[in-house]
Amino acid sequence: TGLLDGKVAVISGAASPRGIGLATARLFAEHGARVAILDLDGAAAVQAAGSIGPGHIGVACNVADRDACQKAAEAVVAALGKVDVLINNAGITQPVKTLEIDQASWDRILDVNLRGVLYLSQALIPYMKQQGAGSIACMSSVSAQRGGGILGGPHYSAAKAGVLGLAKAMAREFGPDNIRVNCVTPGLIQTDITTGKLSDQQKAEIAGGVPLNRLGEAREIAGAYLFLASELSSYITGAVIDVNGGMLIH
Ligand code: NAD
């Protein structure tokens, strides 16, 4: 039997074929969940949902748009009946330095990575409150803990650090409703987010600084999300799970 039998899970940013979101959707489906994949391109989301099996749905949703999050939440509940799990996974990055960050870049990075976590959580928490249970996991990054050092600029570090504070505050507020909120902080994971932005040489250097001596795979983040989504973590809230091959051992 699966760890998520009978559960409905919403995963944002899960249409990208090699991404962490779709790897998570696939693993959740293997564990018995019905999954709603939310992403910018509705057709891509529908196609991604179809690729993990029958009974899953894809919904267009820009997480930085409050109305879009509300509409997506309504569509998910209309189609799947409820929401037990929310994975706030959508994110974008940009490799720039502090003095190069203009207003539009700051807004874009903060909007998707941080504001999006608030808006999608606001849209789905009422359904979790109603049923007296829920688990939310949010995507942060080792960049939040180390001040960058991989790919994202200072605005990305700030956004992902903001996610840690927002998630802990929500964990505190909604604990009495039996809604748990946790974060994952991955190191460098092989997805398309780094395509064209990191050379093989740079990746090898990063891997050299990792005790496990390699980069991570999308499915290895999905495993942490599965743990946080399932009842295995029923007494864990406000936690931050490092999935980085030991990069932060000190
Ligand atoms: P990815 O680019 O494959 O996936 C990101 C997904 O988010 C894409 O499907 C994209 O369409 C979607 N998206 C972008 N903006 C959106 C918006 N406004 N609304 C809804 N969806 C949106 O990259 P990934 O590596 O799988 O990234 C997933 C998450 O993991 C991101 O939050 C990223 O910051 C984070 N992360 C990645 C790494 C890594 O090394 N790959 C490390 C730490 C954290």
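Up top you'll find the structure we're talking about.
Report follows, based on the coordinates. (Residues numbered from 1 in each chain as written. Predicted model: local features only at pLDDT ≥ 70, side-chain atom pairs only at ≥ 80, totals over all residues. Heavy atoms only, no water.)

1. Brief notes about the site of the ligand
Now for step 1: Surrounding the ligand, one finds 26 residues, the nearest of these being S16, I20, D39, Y156 and T191.
Now for step 2: With respect to the ligand, the backbone of N89 contributes an N or O atom lying 2.9 Å from an oxygen atom.
Now for step 3: Separating an oxygen atom of the ligand from a side-chain N or O atom of K160 is a distance of 2.9 Å.
Now for step 4: Burial of the ligand by the protein amounts to 91% of the accessible area it has alone, namely 820 Å².
Now for step 5: Placement of the ligand is best described as lying within the largest pocket.
Now for step 6: Classifying every residue of the shell around the ligand gives 14 nonpolar, 10 polar and 2 charged. (Near = heavy atom within 4 Å. Polar contact = N/O pair within 3.5 Å; in protein donor to acceptor, adjacent residues only side chain to side chain. Areas by Shrake-Rupley, 256 points an atom, 1.4 Å probe, with all protein chains shown as cover. 1 Å grid on protein atoms, 1.4 Å probe; cavity = no way out; pocket = protein on both sides within 12 Å on 5 of 7 lines; lining within 4 Å. Sits in = over half its atoms within 2 Å of the grid points. Nonpolar A, V, L, I, M, F, W, Y, C, P; charged D, E, K, R; others polar.)

2. Some words on helix 4 (residues 103–131)
An α-helical turn contains 3.6 residues, so a residue and the one three or four places further along point in the same direction.
Now for step 1: In this model helix 4 runs 41 Å from its N-terminal to its C-terminal C-alpha over 29 residues, within 8% of the 42 Å that 1.5 Å per residue would give.
Now for step 2: The sharpest bend along helix 4 reaches about 45° and sits at D111. (Helix = DSSP H or I, 4+ residues; strand = E, 2+ residues; numbered from the N terminus. Expected span 1.5 Å × (residues − 1). Bend = angle between axes of the 7 residues up to and from the residue.)

3. Remarks on the layout of surface pockets
Now for step 1: Each pocket or cavity is described by its volume, and for the largest pocket that value is around 830 Å³.
Now for step 2: Along the wall of the largest pocket there are 39 residues; nearest its centre are N89, A90, G91, I92 and I193.
Now for step 3: When contributions to the lining of the largest pocket are tallied by element, the ones reaching two or more residues are helix 1 (20–30), strand 2 (34–39), helix 4, helix 5 (142–146) and helix 6 (154–174).
Now for step 4: The residue makeup of the lining of the largest pocket, split by class, is 19 nonpolar, 16 polar and 4 charged.
Now for step 5: Here the second largest pocket is characterised by a volume of approximately 260 Å³.
Now for step 6: The dominant element in the lining of the second largest pocket, judged by the number of residues it contributes, is helix 7 (residues 200–208), at 3 residues. (Points joined across faces, edges and corners; volume = space filled by probe spheres on them.)

4. Overview of the packing of helix 3 (residues 66–80) against helix 4
Now for step 1: Viewed as axis vectors pointing N to C, helix 3 and helix 4 meet at an angle of 35°, and their least axial separation amounts to 8 Å. You can see that helix 3 and helix 4 cross each other, and the crossing is right-handed. Side by side, helix 3 and helix 4 meet where R66, C69, Q70, A73, E74 and V77 of the first sit next to Y119, L120, Q122, A123, L124 and Y127 of the second.
Now for step 2: A class-by-class count of the residues in the contact of helix 3 with helix 4 yields 8 nonpolar, 2 polar and 2 charged. (Axes fitted to C-alpha atoms, helices over the stretch in contact; angles between N-to-C directions. Left-handed = near helix turned anticlockwise from the far one by under 90°. Contact = heavy atoms within 4.5 Å.)

5. Some thoughts on the side chain of S12
Now for step 1: In this fold, S12 is placed in strand 1 (residues 8–12).
Now for step 2: Judged by its relative accessible area of 2%, S12 falls in the buried class.
Now for step 3: Within the local environment of S12, its side chain forms a polar contact with the backbone nitrogen of A90, the two atoms lying 2.9 Å apart.
Now for step 4: In contact with S12, not counting residues within four places along its chain, are L38, V63, I87, N88, N89, A90 and L120. (Buried < 20%, exposed > 50% of the residue type's maximum accessible area, 1.4 Å probe, protein only.)

6. Section: helix 6
Now for step 1: Here helix 6 is 21 residues long and its end C-alpha atoms lie 30 Å apart, about the 30 Å a rise of 1.5 Å per residue gives.
Now for step 2: Of all the residues in helix 6, the buried ones are H155, Y156, S157, A159, K160, V163, L164, A167, M170, A171 and F174.
Now for step 3: Tucked inside the fold, the buried residues of helix 6 contact helix 4, strand 5 (134–139), helix 5, strand 6 (179–186) and strand 7 (240–243).

7. Looking at the nonpolar core
Now for step 1: Of all hydrophobic cores here, the largest spans 38 residues; its most connected members are V10, L38, V76, I136 and C138.
Now for step 2: At the level of elements, strand 1, strand 2, strand 3 (57–60), helix 3, helix 4, strand 5, helix 6 and strand 6 are the ones that each hand at least two residues to this core.
Now for step 3: Among the elements that line this core, the one with the most residues is helix 4, at 8 residues.
Now for step 4: Once residues within four sequence positions are removed from consideration, V10 is found in contact with A36, L38, V76, V83, V85, L86, I87 and L124.
Now for step 5: Counting 34 residues, the second-largest nonpolar core is a separate cluster that includes F28, A48, A218 and L226. (Core = buried A, V, L, I, M, F, W, Y, C linked by side-chain atoms within 4.5 Å.)

8. Focus: the packing of helix 4 against helix 6
Now for step 1: Running from N to C, helix 4 and helix 6 cross one another at 15°; their axes reach a closest spacing of 9 Å. Compared by their axis directions, helix 4 and helix 6 come out roughly parallel. Between helix 4 and helix 6 lies a crossing whose hand is right-handed. Taking contact as the criterion, the partners of S105, W106, I109, L110, N113, L114, V117, L118, S121, I125 and K129 in helix 4 are, on helix 6, H155, Y156, A158, A159, K160, G162, V163, L166, M170 and F174.
Now for step 2: Classifying every residue of the contact of helix 4 with helix 6 gives 14 nonpolar, 5 polar and 2 charged. (Parallel < 35°, antiparallel > 145°, perpendicular 65-115°, else oblique.)

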